[in-house]
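These are the residues of each chain, in order.
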Amino acid sequence: MNRLRDKIAIVTGGAVGIGRATAQRMAEEGATVVIADIQDDEGRVLAESINNEGGQATYWHCNVGDERAVVGTVQGVVDEFGRLDVLVNNAGISGANRPSHELTEDEWDEVQIVNVKGVFFCTKAAIPHMRASGGGSIINLSSIYGLVGAPDIPAYHASKGAVHLMTKTDALTYASDRIRVNSVHPGFIWTPLVEKFLEDQGDVAEGRRSLDSLHPLGHVGEPDDVAWGIVYLASDEAGFVTGTELVIDGGYTAR
Ligand code: NAD
């Protein structure tokens with residue numbers, strides 16, 4: 001309890017999946033959480049349930065691929081709560097699952113707009129406010145697919161590789177402002193994103209078994225496995241941690 005007391009946090013893509021678990025765990029630890037997403041019903045219901053359980057959360061509609069919307073959301077949060085301490089750049093999509101030579105330019109761009117430009121826009125909007133208040137923590141969701149290859153979703157791999165190194169550059173650039181920037185690299189985590197990825201391939205139950213077997217611990221992860229890592233990076237416990245990768249993958253990349 002209270003590891004994030006008095007902190008104001010934005011979680012993009014916070015309505016479902018890893019973002020949802022992150023919003024819940026951060027609120028339990030005392031943060032005021034702004035859930036920024038495009039799934040309005042899910043986001044509103046989640047904010048309400050967090051508030052009913054004694055936490056503090058609000059839902060804001062925000063498409064991270066739209067810079068004006070991002071600037072408006074971040075400014076609105078600062079106007080309402082006075083500052084911004086934590087930004088979790090979590091919103092992401094997997095995109096079309098075809099080899100590079102079959103992908104269209106639009107399919108490629110769709111993924112980069114959310115996964116890469118979204119992180120850029122949100123970071124750009126947050127930095128002046130974090131500077132003004134003397135520091136902050138930015139947590140970028142990359143992936144095991146930002147560390148190692150696999151023969152699928154090429155646009156997604158490119159986007160997560162980009163987020164991996166954007167994190168290091170921003171960590172170095174803003175270290176003197178006491179703004180920490182780290183990336184998180186989950187293995188397969190059971191969320192709507194992964195369920196849809198398997199649905200598109202056919203048999204979900206069989207697909208899940210095959211994903212389980214890719215992780216030395218024997219199963220895919222749960223959203224909370226990642227949320228607790230994000231809570232750590234957001235907290236003052238991680239005060240000396242910047243520019244690093246937190247890999248939460250059941251051993252996937254240890255081979
Ligand atoms: P998810 O699809 O379950 O949830 C993603 C959320 O992002 C949704 O609420 C969605 O509405 C929101 N979103 C999508 N586009 C948006 C936009 N333009 N603006 C605002 N919100 C938007 O995904 P997830 O599995 O919870 O993944 C969360 C993050 O973790 C993503 O960045 C993903 O790439 C990354 N990740 C997931 C896994 C996994 O196995 N689930 C593994 C590695 C990394």
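(A) Main features of a nonpolar patch on the surface. A grouping of Leu-147, Val-148 and Val-247 is seen on the molecular surface, where their side chains present a nonpolar patch of about 190 Å² in accessible area. Along the chain, Val-247 falls in strand β7 (residues 245–248). For Val-247, a relative accessible area of 35% translates into the label partly exposed.

(B) Up close: the site of the ligand. Residues in contact with the ligand amount to 29 residues; listed here are only the nearest, Asp-37, Asn-90, Tyr-156, Ile-189 and Thr-191. Between an oxygen atom of the ligand and a main-chain N or O atom of Ile-189, the distance comes to 2.7 Å. Here Leu-193 contributes a backbone N or O atom positioned 3.3 Å from an oxygen atom of the ligand. Secondary-structure elements contributing two or more residues to the shell around the ligand are α1 (17–28), α5 (154–174) and α6 (192–201).

(C) Broad picture of the sheet that holds strand β4 (residues 86–89). With respect to topology, seven strands assemble into an open sheet ordered β3-β2-β1-β4-β5-β6-β7, the strand pairing being parallel. Edge positions in the sheet fall to β3 (56–61) and β7, since each has one partner strand and no second. Sheet twist, expressed as the average angle between the axes of neighbouring strands with direction ignored, equals 20 degrees. Bridge count for strand β5 (residues 136–141) against strand β6 (residues 179–186) is six bridges, and the pairing is parallel. Within β6, the residue paired with Ser-137 across the bridge is Arg-180. Of the strands in this sheet, β1 (8–12), β2 (32–37) and β3 are in contact with helix α3 (residues 67–81), which crosses β3 at around 150 degrees.

(D) Quick look at helix α8 (residues 223–234). Look at α8: 16 Å from first C-alpha to last across 12 residues, which is about the 16 Å you get at 1.5 Å a residue. Taken together, the buried positions of α8 are occupied by Pro-223, Val-226, Ala-227, Gly-229, Ile-230, Val-231, Leu-233 and Ala-234. Where the residues of α8 are buried, they touch α1, β4, β5, β6 and β7.

(E) Quick look at a negative patch on the surface. Taken together, Glu-105, Asp-106, Asp-109 and Glu-110 make up a surface patch of like negative charges. Structurally, the position occupied by Asp-109 is in helix α4 (residues 105–132).

(F) Highlighting the packing of aromatic side chains. According to the stated counting rule, one finds five aromatic pairs in the structure shown. Relative to Tyr-156, the ring of Tyr-145 lies with its centre 6.1 Å away and its plane at 75 degrees, an arrangement referred to as edge-to-face. You can see Tyr-145 sitting in the loop between β5 and α5 and its partner Tyr-156 sitting in helix α5, a full 11 residues away along the chain. Residue Tyr-145 is classed as buried on the basis of its relative accessible area of 6%. The class of Tyr-156 is buried, set by a relative accessible area of 11%. Taken together, a centroid distance of 5.8 Å and an interplanar angle of 90 degrees make the contact between Tyr-145 and Phe-188 edge-to-face. On the criterion of sequence distance, the pair formed by Tyr-145 in the loop between β5 and α5 and Phe-188 in the loop between β6 and α6 is long-range, its members being 43 residues apart. One exposure class covers both Tyr-145 and Phe-188, and it is buried. The structure contains a cluster of three or more aromatic residues connected by ring pairs, namely Tyr-145, Tyr-156, Phe-188, Phe-197 and Tyr-252.

(G) Region of the structure containing the pairing of β4. Of the two faces of β4, the one holding Val-86 and Val-88 and the one holding Leu-87 and Asn-89 are both buried throughout. Sheet analysis places β4 next to β5, joined by four bridges and oriented parallel. By the bridge assignment for β5, Leu-87 is matched with Ile-138. Where the polypeptide runs from β4 across α4 and back to β5, its parallel neighbour, the crossover connection is right-handed.

(H) Structural view of unusual backbone geometry. Here the phi dihedral of Asp-6 falls at roughly 70 degrees; this positive angle occurs in a residue that is not glycine. Residue position: Asp-6 is located in the segment before β1. Judged by relative accessible area, which is 56%, Asp-6 ranks as exposed. Although it is not a glycine, Arg-178 sits at a positive phi angle of roughly 60 degrees. Within the secondary structure layout, Arg-178 lies in the loop between α5 and β6.

(I) Summary view of the nonpolar core. In terms of nonpolar packing, the biggest core is built from 29 residues, with Met-26, Val-33 and Ile-35 touching the most fellow members. Counting only elements with at least two residues in this core, the list comes to β1, α1, β2, α2 (40–52), β3, β4, β5 and α8. If one sorts the elements of this core by residue count, α8 sits on top with five residues. Met-26 has contacts with Leu-4, Ala-9, Val-11, Ala-31, Val-33, Val-86, Val-88, Val-231 and Ala-234, leaving out every residue within four places of it along the chain. Of all hydrophobic cores here, the second largest spans 25 residues; its members include Val-78, Ala-91, Ala-126 and Ile-179.

Each value, and the rule that gives it
- Residues numbered from 1 in each chain as written.
- Predicted model: local features only at pLDDT ≥ 70, side-chain atom pairs only at ≥ 80, totals over all residues.
- Heavy atoms only, no water.
- Patch = residues over 30% accessible without salt bridge, like charges linked within 9 Å, V, L, I, M, F, W, Y side chains within 5 Å.
- Areas by Shrake-Rupley, 256 points an atom, 1.4 Å probe, with all protein chains shown as cover.
- Salt bridge = Lys/Arg side-chain N within 4 Å of Asp/Glu carboxyl O.
- Helix = DSSP H or I, 4+ residues; strand = E, 2+ residues; numbered from the N terminus.
- Buried < 20%, exposed > 50% of the residue type's maximum accessible area, 1.4 Å probe, protein only.
- Near = heavy atom within 4 Å.
- Polar contact = N/O pair within 3.5 Å; in protein donor to acceptor, adjacent residues only side chain to side chain.
- Pairing = 2+ DSSP bridges.
- Axes fitted to C-alpha atoms, helices over the stretch in contact; angles between N-to-C directions.
- Contact = heavy atoms within 4.5 Å.
- Expected span 1.5 Å × (residues − 1).
- Lys, Arg positive; Asp, Glu negative; His and termini not counted.
- Charge placed at Lys NZ, Arg CZ, Asp CG, Glu CD.
- Phe/Tyr/Trp six-rings, centres within 6.5 Å; stacked < 30°, edge-to-face > 60°.
- Right-handed = clockwise from strand over helix to strand, strands pointing away.
- Core = buried A, V, L, I, M, F, W, Y, C linked by side-chain atoms within 4.5 Å.

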